[in-house]
Amino acid sequence: MEEILSLANQYITSESEDFEQINNKLIESKFRNISKRIFNTDTIQDVEFVDFLKYSYKFFSLNLPSEIGELFISKEIAPYVLVADHPVFVYAEDLIKSFSKTAIYSYEETKKYYSKWLNIKNEKEKQYFALSTLNLLEKDRSSQNFLKYILYAIVLSYDKRMYSPEKSIKMMEQAIAVFRRLNISDEYRNEINYLLSLYYGFIHLRRYDLENANSKFIDAAVIKSHGISALFYNGLMENLLGKSDKSIGLLSEVLSVDKRRIGFAIKTNNLGLFTFFTKATISQNIFREKGFVNIAEELNYLFNSFLNDDERFFAQLNNKMNGLDLLKIKDFYDDQIISDLEFIKKFITKYEQDDNLFVQYSYNFIAEKFNNILDTAKANIKKKYQNEITDEIRVYDNQIKSLQDKITYKQKEAEDGNAALNQQLEKSLSRIDKVVKERIDEIEFKIEHLELDKKYDPRNTFSSSLVNTLVISLMVLTIGGFANGIMSNGEVYNVSEIISEVFISGMKWGLITLVLGIIISFFSSVSVVWDRLNNKQRLLKEISYLKNYKEKEISSLKTDAERKKKVFQEKIKSKIENLQKELEFVKHDKNEKFEEFNEKTSAEISNYEQEISGLYLN
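Note that the structure is predicted; figures quoted are calculated from it, not measured.

What counts as what
Residues numbered from 1 in each chain as written. Predicted model: local features only at pLDDT ≥ 70, side-chain atom pairs only at ≥ 80, totals over all residues. Heavy atoms only, no water. Helix = DSSP H or I, 4+ residues; strand = E, 2+ residues; numbered from the N terminus. Areas by Shrake-Rupley, 256 points an atom, 1.4 Å probe, with all protein chains shown as cover. Expected span 1.5 Å × (residues − 1). Buried < 20%, exposed > 50% of the residue type's maximum accessible area, 1.4 Å probe, protein only. Arc of directions from axis to C-beta. pLDDT = per-residue confidence, 0-100. Contact = heavy atoms within 4.5 Å. Polar contact = N/O pair within 3.5 Å; in protein donor to acceptor, adjacent residues only side chain to side chain. Core = buried A, V, L, I, M, F, W, Y, C linked by side-chain atoms within 4.5 Å. Axes fitted to C-alpha atoms, helices over the stretch in contact; angles between N-to-C directions. Parallel < 35°, antiparallel > 145°, perpendicular 65-115°, else oblique. Left-handed = near helix turned anticlockwise from the far one by under 90°. Salt bridge = Lys/Arg side-chain N within 4 Å of Asp/Glu carboxyl O. Nonpolar A, V, L, I, M, F, W, Y, C, P; charged D, E, K, R; others polar. Phe/Tyr/Trp six-rings, centres within 6.5 Å; stacked < 30°, edge-to-face > 60°. Lys NZ or Arg CZ within 6 Å of the ring centre and 35° of its normal.

K.L.:
Explain the overall build of the protein here, please?
P.N.:
Tallying secondary structure elements over the protein gives 22 helices and zero strands in all. In the form shown here, the protein has an accessible surface area of approximately 35500 Å², with 52% of it arising from carbon and sulfur atoms.

Structure representation (structure tokens):
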């Protein structure tokens, strides 16, 4: 506990020079020496307001990936960020403007006084602008402007004359409460939450409440896992609270972000960005904080662990670059290789004599870029020769493609031919079936209606014959009676006797005729029944004949169709076999030519690869 209090006291005040103080000065001297070695100065100057605005404008214009794109906010520049067009605060201002244009107008006026308070050096004038800012904030009646409470808290925490830590904390609580009621997208909600936690931590740190400050920085780091500002101050608090091992782990992440930024600049061939990142590193803020003095040795080890301090690096790189020029393989360079080589040349020219630690961080990235150039060059060489081989044997590929198309066409022709013959057969079978069926239906209709045909109705025949018989009998009766009377012995009878004789004689012959007629009618009826039966048998035989005819025709059509298919398929098969033989011949010829070309080009590629392989940087 005493060690924790000692570290905290060392961070806050200067104690009288006793033995412990002398020891601390030795450690502090070592701490400054590390800074001098890395940044060529033992004192890291504070950032001026105007310089920060210029820096932030440049930083936000870079559009960096999110994992390296956070603006590092130190406790010293935290007040500046609110007026530096930080994208998150710009979004917040636009959001407030959507609620009330009057509120944002009032807030803009307040920001003008707030900015002057930040920029003014004269203490009296600074106090005037601080008071003016607070007065304007008091007059702002906007219920949804959480930013005004942050400004209020900053002024109360950072202005020496206005310093009021308790009220500052209340203002931060008010800002958080208002913010939580607003409807904001998840993306910006997390970012604003992160900044609110970060600023809340700074407010606690200003009043030297290390535990609460650390709690807020941890909250911020949970909200944004790659929040470098939160990780940095979490590391500071952990060290001041006696957890130096955890602090070193967090500071390692800070250095990793600097290294990733340098790697990004090198990867994108942006020398200006590389210079920007090496001059304004996050890591240099470590040496602004006396709270890290006690771990100077650990910091020295940490920075060295990130190094590739090979003093021969640039000599080797120049040697390898010259060796690459001597290979005369520029014909194999693509735009990326040309761009990468140009960047490396500019990098050598500018930084060959620079022993900056962060330049040394770049050695591995430069070596990786150079080795990637060699890999790409080898790949391009191989690709170019392969393309030449491809061009040489393209004529074979065209022939193969043409033959394969022909084979496919013939196979399709065989399928279509079979389908056409099957279709033709189906039509013929359908036509025969239809004709035979229609004829059979017609005959069956006749058979079903034979009994209805009067010509084959025995009753009708008998009736007709009987009527004819009756008529004939009457005629025979009359004629026969008169004939008998006329041919009598000439005896004279009276009229009644004559009529009686005629009637009796006619009746005799009429009855005879009637009996004969009835017999004839009966036989006629029998004859009609017989004819009907014979006709039915004839029709049934015709049906049987038609069915047999149909079967024979179907069999004949199928046989003929199979014969045609076989002839057609054999013809197509023969053509396909000939094409396949020709295809195999062309493929064989192609393989021979490919082996010939490949053997020739492989030797040339191998020579290039051997020469290039000797240029890799380890």
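K.L.:
In this structure, what is going on with helix H5 (residues 87–99)? I would like to understand it.
P.N.:
Because the α-helix completes a turn every 3.6 residues, residues three or four places apart line up on one side. The terminal C-alpha atoms of H5, which comprises 13 residues, lie 19 Å apart, in line with the 18 Å expected from a rise of 1.5 Å per residue. Within H5, the full set of buried residues consists of Val88, Phe89, Ala92, Glu93, Leu95 and Ile96. Angular distribution of buried residues about the axis of H5 spans 160°; they occupy a single face of the element.

K.L.:
Can you help me understand the confidence of the model for the protein in this one?
P.N.:
Do not read the predicted coordinates in detail wherever pLDDT is low. Summarising the model, the protein shows a mean pLDDT of 82, and 80% of its residues fall at 70 or more. In this model, residues 1–5 is a region of pLDDT below 50 whose contacts with residues beyond four sequence positions or in other chains number three contacts. Below a pLDDT of 50 lies the segment residues 12–17, which in the model reaches five contacts outside its immediate sequence neighbourhood of four places, other chains included.

K.L.:
I'm lost on the side chain of lysine 75 in this one. Help?
P.N.:
With respect to the helices and strands, lysine 75 occurs in the loop between helix H3 (49–60) and helix H4 (78–81). Within the local environment of lysine 75, its side chain forms a polar contact with the side chain of glutamate 76, the two groups lying 2.9 Å apart. Within polar-contact distance, the side chain of lysine 75 engages the side chain of glutamate 289 at 2.6 Å.

K.L.:
I'm lost on helix H10 (residues 186–206) in this one. Help?
P.N.:
In a regular helix each residue adds 1.5 Å, so 21 residues correspond to 30 Å; H10 covers 30 Å between its end C-alpha atoms and thus fits that length. Positive phi shows up at tyrosine 208, right after H10, with a value of about 65°.

K.L.:
Any chance you could explain the nonpolar core here in plain terms?
P.N.:
Across soluble globular proteins, nonpolar side chains have a tendency to be buried as a group. If you look at the biggest cluster of nonpolar residues, it comprises 136 residues, and the most contacted ones within it are Tyr199 and Leu324. The element contributing the most residues to this core is helix H8 (residues 146–158), with eleven residues. Excluding residues that lie within four positions of it along the chain, leucine 324 makes contacts with Ile329, Tyr333, Leu341, Phe370, Ile373, Leu374 and Leu615. Judged by nonpolar contacts, the second largest core, of twelve residues, contains Tyr396, Ile400, Leu403 and Ile407.

K.L.:
I tried to follow the packing of helix H13 (residues 244–267) against helix H14 (residues 271–279) on my own but got confused; where do I start?
P.N.:
What describes two packed helices is the angle between their axes and the distance between those same axes. For the pair H13 and H14, interaxial distance at closest approach is 8 Å and the crossing angle is 165°. Between H13 and H14, the interaxial angle falls into the category roughly antiparallel. Once H13 is placed against H14, the crossing between them reads as left-handed. Contact residues: H13 offers Arg261, Ile262, Phe264, Ala265 and Ile266, while H14 offers Leu273, Phe274, Phe277 and Thr278.

K.L.:
Please explain unusual backbone geometry as it appears in this structure.
P.N.:
You will see that aspartate 85, though not glycine, has its phi angle at about 60°, which is positive. With respect to the helices and strands, the residue aspartate 85 is situated in the loop between H4 and H5. Exposure remark for aspartate 85: the relative accessible area of 56% places this residue in the exposed category.

K.L.:
Please clarify how the environment of glutamate 253 should be interpreted in this entry.
P.N.:
Structurally, glutamate 253 can be placed in helix H13. Assessed through its relative accessible area of 36%, glutamate 253 is described here as partly exposed. C-alpha of glutamate 253 to C-alpha of histidine 226: the two residues are 27 residues apart in sequence and 8.9 Å apart in space. With sequence-adjacent residues up to four places away left out, glutamate 253 is seen in contact with Ile228 and Leu231.

K.L.:
Honestly, the pattern of salt bridges in this entry has me stumped. Any pointers?
P.N.:
Between side chains of opposite charge, a pair can form when the charged atoms approach closely. Scanning the model with the defined rule gives 19 salt bridges in all. Measuring nitrogen to oxygen at the nearest pair gives 2.7 Å for the salt bridge that ties arginine 394 to aspartate 391. Note on arginine 394: relative accessible area 38%, which makes it partly exposed. Here aspartate 391 falls in the partly exposed class, since its relative accessible area comes to 44%. Through salt bridges with shared partners, one network takes in Glu70, Glu191 and Lys224.

K.L.:
So what exactly am I meant to see when it comes to the packing of H13 against helix H19 (residues 363–392) here?
P.N.:
Across the interface, H13 lies against H19 with an axial gap of 9 Å and an inter-helix angle of 30°. Classified by the angle their axes make, H13 and H19 are roughly parallel. The element H13 and its partner H19 pack so that their crossing is right-handed. Each of Lys259, Ile262, Gly263, Ile266 and Lys267 in H13 lies in contact with H19, whose residues at this interface are Asn364, Phe365, Ile366 and Lys369. Considered class by class, the residues forming the contact of H13 with H19 number four nonpolar, two polar and three charged.

K.L.:
Could you clarify how one ought to interpret the packing of aromatic side chains in this entry?
P.N.:
A complete count under the given rule lists 33 aromatic pairs for this structure. Centroid distance phenylalanine 347 to tyrosine 351: 5.3 Å. Interplanar angle 40°. Geometry classified as tilted. Of this pair, phenylalanine 347 and tyrosine 351 both sit in helix H17 (residues 335–351), four residues apart, roughly one helical turn. Its relative accessible area of 5% is what places tyrosine 351 among the buried residues. Within the aromatic cluster, the residues linked to one another by ring pairs are Phe72, Phe89, Tyr199, Phe202, Phe217, Phe232, Tyr233 and Phe292. The ring of phenylalanine 179 carries arginine 189 above its face, with NZ or CZ at 5.1 Å from the centroid. We note lysine 224 situated over the ring of tyrosine 194; from NZ or CZ to the ring centre the distance is 4.9 Å.

K.L.:
How should I be thinking about the environment of alanine 92 in this particular structure?
P.N.:
Mapped onto the elements of the fold, alanine 92 is located in helix H5. Taking the C-alpha atoms as reference, alanine 92 lies 7.8 Å from leucine 147; in sequence the two are 55 residues apart. Not counting residues within four places of it along the chain, the set of residues in contact with alanine 92 comprises Phe146, Leu147 and Ile192.

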